[in-house]
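Structural description and commentary
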Amino acid sequence: MSNYTLEITNLTKKFGKFTALDNVNATLEKGEVLGYIGPNGAGKTTTIRVMLGILKATSGGAKVFGMDSWRDAVEIHKKIAYVPGDVTLWPNMTGGEVIDLFVALRGKHDKERRKKLLEMFDLDPTKKCRTYSKGNRQKVALIAAFASDAELFILDEPTSGLDPLMGHHFQQCVLEQKNLGKSVLLSSHIMSEVEQLCDQVCIIKNGKIVDTGTLDSLRHLTRVNMKIETVKPIENLATLEGVHDVIEERGEVDFKVDYLNVGAVVEYIAKYGVKKLESAPPTLEELFMSHYDTKGV
Amino acid sequence: MLRGTFANSFTVVKFIFRRERIVTTAWILALVLFTMGVAPAMANMFPDMASRSQFAASFNNPIMIAMMGPIYGADNYTAGAMYGGMMLLWYAMAVAIMNIFFVVRHTRADEQAGRVEVVRSLPTGRLANLNATMISALIINVVLGLLTGLGLAVLGIEDMGFAGSMAYGAATAAIGLVFASIAALFSQITSNASGATGLSFVSIGVFYMIRAAGDMQGNEIISCISPLGLVLRTQAYVQNNIWPSLVLFATAIVISAVAYKLNSIRDLGQGFVAARPGRATASPLLKSSFGLTWRLLRNMLIIWAVVMFILGASYATVIGDISSFIGDSPEYMEVIGVPVDQLAALSEADQAKLIVDSFGTFVTLMMTIVAIVPLINAIMKLRSEERDGRAENVLTRAVRRCRYMSGFVILAYVFSVIIQFLTASGLYVVATSVAGDANPFTYTGLLQAFFAFLPALWVMIGFTVLVVGLLPKATTIVWAYFGVVAFTSFMGRLVMPDWMLNITPLHFVSQPQPMQDFVIDYTPLIIMTGIAAVLTAIGIISYSKRDMITS
C-alpha cells in the first residue's frame, strides 16, 4: 500500500477508437498541491473524471487514499471536494440551496464557514441559479467545496470565470487548505496561479504526460533568459554551446541559454566587461509553450 | 429613428426561417394532416343527419357546453357544423401552443442564452429581433390558416364548402397570432424563458375557463372577453362570421404593440418582474439525494396528477347518455371494443350495461396510456441530468449510483399508483355528479380496473430504467416503444394481427369490466410485475457500472 493521496498508474481511457488518455502516471503526496496543466482537449478533465469514478478506466487506474477510484468511489467521495470546470446547476434552485445540498451530500456542515465564504466570494445565495453567470456558478461550487471538511480538493480550472480579486481569494483558500495539511489537485490554464500554488507540476498533451516534477526540476530542462550589456561587443556568442535566439539591440543582447550551459556562458562573457546582467528563470508559461509549440525544444 | 429601431428585421426573419425549417414545418404539417384526417373520419362516423342530431342533443347540456363550447346550427347539424363545433376550440389551443413555443424560442429564450445579444451587436435595430419574430409568426400563421382552410375545402365533404373552410382557416391564423403576441408580451415581462412559456400557458387555461363560464351561462360578453370564446363565434360552416377573426387580429396587433413598447424601454436581459429572491438556505427536505430528486420531479408530477384527475373527470361528463350514444354507432362500438356479436342475445338493459362496461374498459385503457407519459418522463429525467452534467454534482459526492437512480425509480413506481387512483377518482366523482344514481360505475370497480393496469405501467417503467441504464445514448427507443404501445392499444384491435398485440404490456391486462362481477386474471399481472422488477434491476445495475455520458 502506497502513502500517496493520489496515485495514477498506467491509466488508459478509450472512447471507442479514440484514446483520450494513454498510459498516464502521476502521484500526489499528502499536503501537496499538484498543478495539472495542458491545453484544451489534452485529457485533464477525463483524468479527473476517472479519479472520481464517473468514467471507468479502460486499463490501469487511479487510487485515491489507497482505494480504487471506481470500486470505492463513494468511500473516496466522502473525503474529497470537487469543483468541475463547467459548473452546471439546476436553473430553478437558489445558490444557497445548492451549496447546502452539496455540503449535505458529503456530510458535515459548518455554518460559520459557509457564511464566511459567501462574504469572501461576494455571492448572493438567494438568486436562482439560472441568473448566475459562469463565474457565479463557479463560486457556488467553490464555496460548497471549501465549506466541506475534505482531505483532497480536486479543482478543474476553478478560476476560469472569476475576476482577479476573486482569483486571489481562491488562492488564499487553497493555501489555507494546504497549511492544514490537505492535498490539492489543481488543473488550470492560469500559469501564475499554478506557479504560486503548486509544489509539483504535471503537463499533459494529447492524453500523454509529457513532463512532471517540481517547478525547479522542470526548469532544469529548459533555458534561462538573459539580457546583458558589455563594454566590448561579444564575439561569436551565437556559436557557443547552448545559446539560442540571440537578439542585439542598441548595445544590449537578449538570448536564451540551456540551463546546463549557464556557467560556461557567464565565464565567456565576463571577458568583454559586463556592465549589466539580468537573468530570469523560464516562466511556467514558457515551459508550457515549449511543450506545445511544435517548433519548441 | 424608427427605421433604425427596426433595421435589418428581414435579415433576421430569413435567419429565423433557416432555424425553423424543421420544427415549424413539422408543426404545420402535423396540424394540417391532423385536420385532413379527422374531418373525413368524423363525417364517416356520423354519416346522416339523424346520427348527428342525436350527437348534438347528447352534447347539449351545460357541462358539455362548458367543455366544448356552444353548439351552433343544431337545427341543421351538418357535418361542417359538427366539425366546426367539435374541433375549432381544440385546434385553436394546439395552434396557440405552437405559437407560444415559437415566440418564446426566438425572444426570451434566445435572449437568455445570449443569442439576442450577438444579433444586437450587429447592425440591427433595437427591436429587430422581436419585430422579425412577429413578422415570422404572421407568415407562419397565415400559411397555417391557408393550408388548413384549403385542406378542409379540397376534402369535398358535403356541407364543408370553401367559405366555411376559409373561415375556419382564418380563425386559426387569427387565434395563433393572438397567442404569439401574448407570448411576446410575457417574454418582455418575465426575465426567463420558462416563466414566459409558463405564463403563456396559464393564459390559455384562464381564457379557456372564462369561455367555459360564459358559454355555460349563455353570457356572450363574458365568452367574448376570451380569445378562445371569440374564435368560436366564427361559427365555421354555420354563419362563417369573419368579424371574430378581425377582432382577434386587431387584438394581436394591440398586444404586440405593447410588447414592442416594453421591449424598447427595457435593458437587454432584464424583465419587468424582478426575479424574486429565493431561499438563502436549503430546507431540510432538500438536503439529500432523494430530496433533490423529489424537488426535480415535484412540479411535473403535481401537474400531471391534476391533469389526470381532470382527464378522468372529462370522460365522465358523457357518461349519462353513453349507451345510446355509442349503441347507435357501429363504428364507435368497434373502436371501443364492444363485443357486438354478444349484443343481440341480450335484453335492452343488459345491452346498455355491456356497452357502458366496454366504454369503461376503453376509458381505463386510454387513461392508462396517457399515464405512461409522466412515468417515462420521471425516469428520463435521470438521463437529461446526466447529459447536462448535473448528475455529477451528486455522484461526485458521497452518493452511490444505485441509490441516486433508485430515487427516481421509487418516485415513478409510487406515482404510478397515485395517478391511477386519481384518474379513477376523477372519473367516479364527476360521473356521480353528472349522472347521479344512473352512474353505472362503482368506486371499487373503477379502482380495481385502474389498479389492474399497474403491472403494465411498471413494465413500462422497467423498460425505461433498462434503456437509461444500458443504452443511455439511445433513449429515443423508449418513446418509439411508447408510440407502438399507444398505437396498438388504441387501434391495434382493428388493424393488427394478434401476435403483434403481444408486444404491448397493456394487452395482457384482462380488460376488466369496471361495473361489477368481473374477474381479474392475476397470472399475467404477477408475471408482468416480475418482468418489471427484473428490467428495473438490470437497468440499475447497468447504470452503476457504466460511464456517465455528457453528450
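Residues numbered from 1 in each chain as written. Chains lettered and ligands numbered in written order. Predicted model: local features only at pLDDT ≥ 70, side-chain atom pairs only at ≥ 80, totals over all residues. Heavy atoms only, no water.

1. A few points about the overall build of chain A
Test applied: Secondary structure elements follow DSSP: runs of H or I no shorter than four residues count as helices, runs of E no shorter than two count as strands, and numbering proceeds from the N terminus. Using a 1.4 Å probe on the protein chains alone, a residue whose accessible area is under 20% of its type maximum counts as buried, one over 50% counts as exposed, and one in between counts as partly exposed. When checking whether two residues touch, look at their non-hydrogen atoms; a contact exists if any pair is within 4.5 Å. With residues, only the protein chains shown are counted as cover, and all accessible areas are computed by Shrake-Rupley using a 1.4 Å probe.
Per the secondary structure count, chain A includes 10 helices and 14 strands. Each of the three principal axes of chain A carries a C-alpha extent, and together these read 70 × 45 × 35 Å. Residues classed as buried in chain A amount to 51% of the 297 residues present. For chain A, restricting intrachain contacts to residue pairs at least 6 apart in sequence, the fraction spanning at least 24 positions comes to 68%. Total accessible area on chain A stands at roughly 13600 Å², and carbon and sulfur atoms take up 49% of it.

2. A few points about the sheet that holds strand β11 (residues 223-230) of chain A
Residue and element names in this part refer to chain A. Threshold: Criterion used throughout: strands pair if DSSP finds at least two bridges between them. To define axes, lines are fitted to C-alpha atoms, for helices over the stretch in contact only, and angles between the resulting N-to-C directions are given on a 0 to 180 degree scale.
Spatially, the four strands line up as an open sheet ordered β12-β13-β11-β14, and their pairing is antiparallel. Looking at which strands have only one partner, the edges of the open sheet turn out to be β12 (243-249) and β14 (274-280). Sheet twist, expressed as the average angle between the axes of neighbouring strands with direction ignored, equals 15°. Here five bridges tie β12 to strand β13 (residues 252-258), and the two strands are oriented antiparallel to one another. When the sheet's bridge partners are listed, Val243 is paired in β13 with Val257.

3. Considerations on the pattern of salt bridges
All names here are of chain B. Operational definition: Note on definitions: salt bridges are taken to be side-chain nitrogens of Lys or Arg within 4 Å of carboxyl oxygens of Asp or Glu.
The full count for this structure, using the stated rule, is 29 salt bridges over all chains. One salt bridge connects Arg233 with Asp215, and the closest N-O pair in it is separated by 2.7 Å. Placement of Arg233 in the loop between α13 (227-232) and α14 (243-265) and of Asp215 in helix α11 (residues 193-217) is noted, with a sequence separation of 18 residues between them. Judged by its relative accessible area of 3%, Arg233 falls in the buried class. Owing to a relative accessible area of 8%, Asp215 belongs among the buried residues under this scheme. What emerges from the salt-bridge pattern is a single network uniting Arg211, Asp215, Glu220 and Arg233.

4. A few points about the side chain of Arg106 of chain A
To keep it simple, the criterion reads: Only four residue types enter the tally: Lys and Arg on the positive side, Asp and Glu on the negative side; His and the chain ends are excluded.
Assignment of secondary structure puts Arg106 of chain A in helix α3 (residues 95-106). In this structure Arg106 of chain A is buried but unpaired, with Asp149 of chain A as the nearest side chain of opposite charge at 6.5 Å. Ignoring anything within four residues of it in the chain, the contact list for Arg106 of chain A reads His77, Lys78, Lys79, Ile80, Ser148, Asp149 and Ala150 of chain A together with Arg397 and Ala398 of chain B.

5. Observations concerning the domain arrangement of chain B
Operational definition: The split of the chain into domains comes from an automatic or database domain assignment.
By domain assignment, chain B separates into domain 1 (2-265) and domain 2 (284-545). Each of domain 1 of chain B and domain 2 of chain B was reduced to a C-alpha centroid, and the two centroids are 31 Å apart.

6. A short note on the interface of chain B and chain A
Keep this limit in mind: Two parts placed together each lose some accessible area; with a 1.4 Å probe, that loss summed over both constitutes the buried area. Two N or O atoms count as a polar contact when they lie within 3.5 Å, although within protein this holds only if one can serve as hydrogen donor and the other as acceptor, and sequence-adjacent residues are included solely when both atoms are side-chain atoms. Think of it as three bins: nonpolar holds Ala, Val, Leu, Ile, Met, Phe, Trp, Tyr, Cys and Pro, charged holds Asp, Glu, Lys and Arg, and polar takes everything else, Gly as well.
Counting from both sides, the interface comprises 37 residues of chain B and, opposite them, 35 residues of chain A. Summed over both sides, the interface between chain B and chain A buries roughly 3200 Å², with carbon and sulfur atoms accounting for 55% of that surface. Linking chain B to chain A there are three salt bridges. Across the salt bridge formed by Lys13 of chain A and Asp547 of chain B, the nearest N and O atoms sit 2.5 Å from each other. Remark: the boundary between chain B and chain A carries 21 residue pairs in polar contact (both at pLDDT 80 or more). Of all the secondary-structure elements, those providing two or more residues to the side of chain B that touches chain A are α15 (289-316), α20 (391-395) and α26 (522-545) of chain B. Split into classes, the residues belonging to the side of chain B that touches chain A amount to 11 nonpolar, 12 polar and 14 charged.

7. Topic: the layout of surface pockets
Test applied: With a 1 Å grid spanning the protein atoms alone, the term cavity applies to any set of points in which a 1.4 Å probe fits but cannot get out, the term pocket to an open set with protein on both sides within 12 Å along at least five of seven lines, and the term lining residue to any residue with an atom within 4 Å of a point. Grid points are joined across faces, edges and corners, and a volume is the space filled by probe spheres set on the points.
In this structure, the second largest pocket encloses a volume near 910 Å³. Broken down by secondary-structure element, the contributors of at least two residues to the lining of the second largest pocket are α5 (134-146) of chain A together with α7 (108-112), α8 (115-121) and α11 of chain B. Considering every element that reaches the lining of the second largest pocket, the biggest residue donor is α7 of chain B, with three residues. Looking at the lining of the second largest pocket, its residues break down into 14 nonpolar, 13 polar and 11 charged.

8. Some points on the sheet that holds strand β1 (residues 6-15) of chain A
Residues and elements named next belong to chain A. Spatially, four strands are ordered β2-β1-β4-β5 in an open sheet, and the strand pairing comes out antiparallel. Two strands close off the open sheet at either side, each with one partner strand: β2 (18-28) and β5 (67-68). Pairing analysis gives five bridges linking β1 to strand β4 (residues 59-64), with the strands arranged antiparallel. Bridging from a neighbouring strand, Thr12 pairs with Ser59 of β4. Relative to the sheet, helix α1 (residues 44-51) contacts β1, β2 and β4, its axis offset from that of β1 by approximately 115°.

9. Concerning the state of the cysteines
Condition: Cysteine sulfur atoms are paired as a disulfide whenever they come within 2.5 Å of each other.
Per the counting criterion, the structure on display carries zero disulfides over all chains. No disulfide involves Cys202 of chain A; its sulfur sits 11 Å from the nearest other cysteine sulfur, which is in Cys198 of chain A.

10. Focus: the confidence of the model for chain B
Counted only if it meets this: The score called pLDDT rates the predictor's confidence residue by residue, from a low of 0 to a high of 100.
Averaged over all residues, the pLDDT of chain B is 88; the fraction at 70 or higher stands at 94%. ipTM for the predicted complex: 0.77, alongside a pTM of 0.76.

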